[in-house]
Structures are given as structure tokens and as C-alpha cells.
Amino acid sequence: MNVQIAESWKGILQEEFNKPYFKTLADFVKSEYSKHTCYPKGSQVFAAFDHCSFDDLKVVIIGQDPYHGTGQANGLCFSVNNGIEHPPSLVNIFKELTSDLGIPYPSSGNLERWADQGVLLLNATLTVRAHQAGSHQNKGWEQFTDAVITKVSEFKDNVVFLLWGGFAKRKGAKIDTSKHHILSSGHPSPLSANRGYWFGNRHFSKTNSFLESKEIERIHW
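The following refers to the structure shown. (Residues numbered from 1 in each chain as written. Predicted model: local features only at pLDDT ≥ 70, side-chain atom pairs only at ≥ 80, totals over all residues. Heavy atoms only, no water.)

Topologically, His-203 is positioned in helix H9 (residues 203–213). For His-203, a relative accessible area of 2% puts it in the buried group. Reaching out from His-203, the side chain makes a polar contact with the side chain of Trp-164 at a distance of 2.9 Å. Setting aside its immediate chain neighbours within four residues, His-203 contacts Asp-100, Leu-162, Trp-164, Leu-183, Ser-184 and Ser-185. (Helix = DSSP H or I, 4+ residues; strand = E, 2+ residues; numbered from the N terminus. Buried < 20%, exposed > 50% of the residue type's maximum accessible area, 1.4 Å probe, protein only. Polar contact = N/O pair within 3.5 Å; in protein donor to acceptor, adjacent residues only side chain to side chain. Contact = heavy atoms within 4.5 Å.)

Following the criterion strictly, the structure yields 20 aromatic pairs and no others. With a centroid separation of 4.9 Å and 80° between ring planes, the pair formed by Trp-9 and Phe-49 is classed as edge-to-face. Residue Trp-9 is located in helix H1 (residues 7–17), and its partner Phe-49 is located in helix H3 (residues 47–51); the two are separated by 40 residues in the primary sequence. One exposure class covers both Trp-9 and Phe-49, and it is buried. Here Phe-94 and Trp-114 contribute two aromatic rings whose centre-to-centre distance is 6.5 Å and whose plane-to-plane angle is 80°, an arrangement assigned as edge-to-face. Note that Phe-94 is positioned in helix H4 (residues 88–101) and Trp-114 in helix H5 (residues 112–115), a separation of 20 residues in sequence. One aromatic cluster is present, formed by Trp-9, Phe-17, Tyr-21, Phe-22, Phe-46, Phe-49, Phe-54, Trp-141 and Phe-144 through successive ring pairs. Its end group placed over the ring of Phe-54, Lys-156 keeps NZ or CZ at 5.3 Å from the ring centre. (Phe/Tyr/Trp six-rings, centres within 6.5 Å; stacked < 30°, edge-to-face > 60°. Lys NZ or Arg CZ within 6 Å of the ring centre and 35° of its normal.)

What follows is about the layout of surface pockets. It is a probe the size of a water molecule, rolled over the atoms, that shows where empty space is left. Taken as a whole, the largest pocket encloses approximately 340 Å³ of empty space. If you go around the largest pocket, you meet 24 residues; those closest to its centre are Gln-64, Asp-65, Tyr-67, Asn-123 and His-187. Listed by contribution, the elements that provide at least two residues to the lining of the largest pocket are strand S2 (59–63) and helix H7 (166–171). Taken together, the residues that form the lining of the largest pocket break down as 11 nonpolar, 12 polar and 1 charged. (1 Å grid on protein atoms, 1.4 Å probe; cavity = no way out; pocket = protein on both sides within 12 Å on 5 of 7 lines; lining within 4 Å. Points joined across faces, edges and corners; volume = space filled by probe spheres on them. Nonpolar A, V, L, I, M, F, W, Y, C, P; charged D, E, K, R; others polar.)

What follows is the structure in C-alpha cells.
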């Protein structure tokens, strides 16, 4: 795996790329992509960083695994390529978005439009084997993305972290709450949402209210 990451992140993450665990991870991912169908496509593995520069970062949303269905994953958590049916969690995200902000339900599930405004859409694991959820977990990605969260917490100020579900909340334990703003709720998956742990969290308007209170430009969700 050739690490081709956006210039603004290179200095921040270079020490991770040089660690032994990352070389082992890179060898594993390279082998998987050569032997199996894996997602997202190789050029999109670091798409979250390509679309959201470190300098512009305002918001972090933490996901778990890339989608493992054909044509879905594009390197951004909860996001799918244009023209792909919206997965259930994304449907619930958009339902909350329309309820919270009174805007029409989006036709495209591609969240590049969020990332380009400074929303880091970070999965804990950045790759997956086709149709095998969790197949690339515990290979080193989690250590890398923990380091990303730690670096953002350390070197940025007034970032809004949206922690949806127990997994994201545990992942967010490394965040310095004295300098960042955390909004947490249940996961947008139907199982959690239908139990009342997702709808009504109003995270989109709350994020913008916080950003504006710090004189930071709001996100056009």
C-alpha cells in the first residue's frame, strides 16, 4: 500500500507511517487488495483526509467500518458513491438532518460536500474485504485512527466531535474536552434509532451553533 495522503496531513501523521505496526498494516492491506475484492478502491482509502485538510478541519464524525457492498464505500464514513441506494444508517442521518434544519432530504448519499467544508468523516478501519464486515479490523487501522484523533485533539482547538453510538464514544476517549466540543447520541442504525437513541439529537444545528459561537463558519449540511 502506497501511502498517498493530503499534504496538510503528512507532517502531522508522518511518525505513524514510520512505525513498525503501520508497515505491517500496509503489507496486509496490499496483500488483501491483490488477492480479494476490497473497498474502498485504493485511491480512496485516505479520502477522508484528501477532502478535509487539517487546516480547515472543524468537525469530526467517527464511523466504524467502510461499507462492504458493491460500489458503496468511497472512503468517507456513512457516505456512499453517487447513484447508490442510501444504507439504513444514512437514511436515518438524513431524516434527522431534515427534521433538525428543515431542509429537503438529500438525493445523493455522497458526503464529499460535508468533507470539503472541514468535516473529517473518519472510519476506525479504513478498508474491508467485499461482503465481509469487520474483515480488516484488528490489523492496525484502529491504532492509526486513534493517533489521528489524538493529533486533532492536541493540535486543533474548538473542534466539534460527533460521537454516535458506543463504539464512537469509546473511540473518543482520547479527546481533550477542555478545548473541544463533544456531542454524543445513539447510533443512527435502525436498531438504535428505533429505540429512541438517535432521532431528535439535533446535532447538525448544535454543531453550527457552537461553531458560530467561536466565530467559525458554519457547515452547510
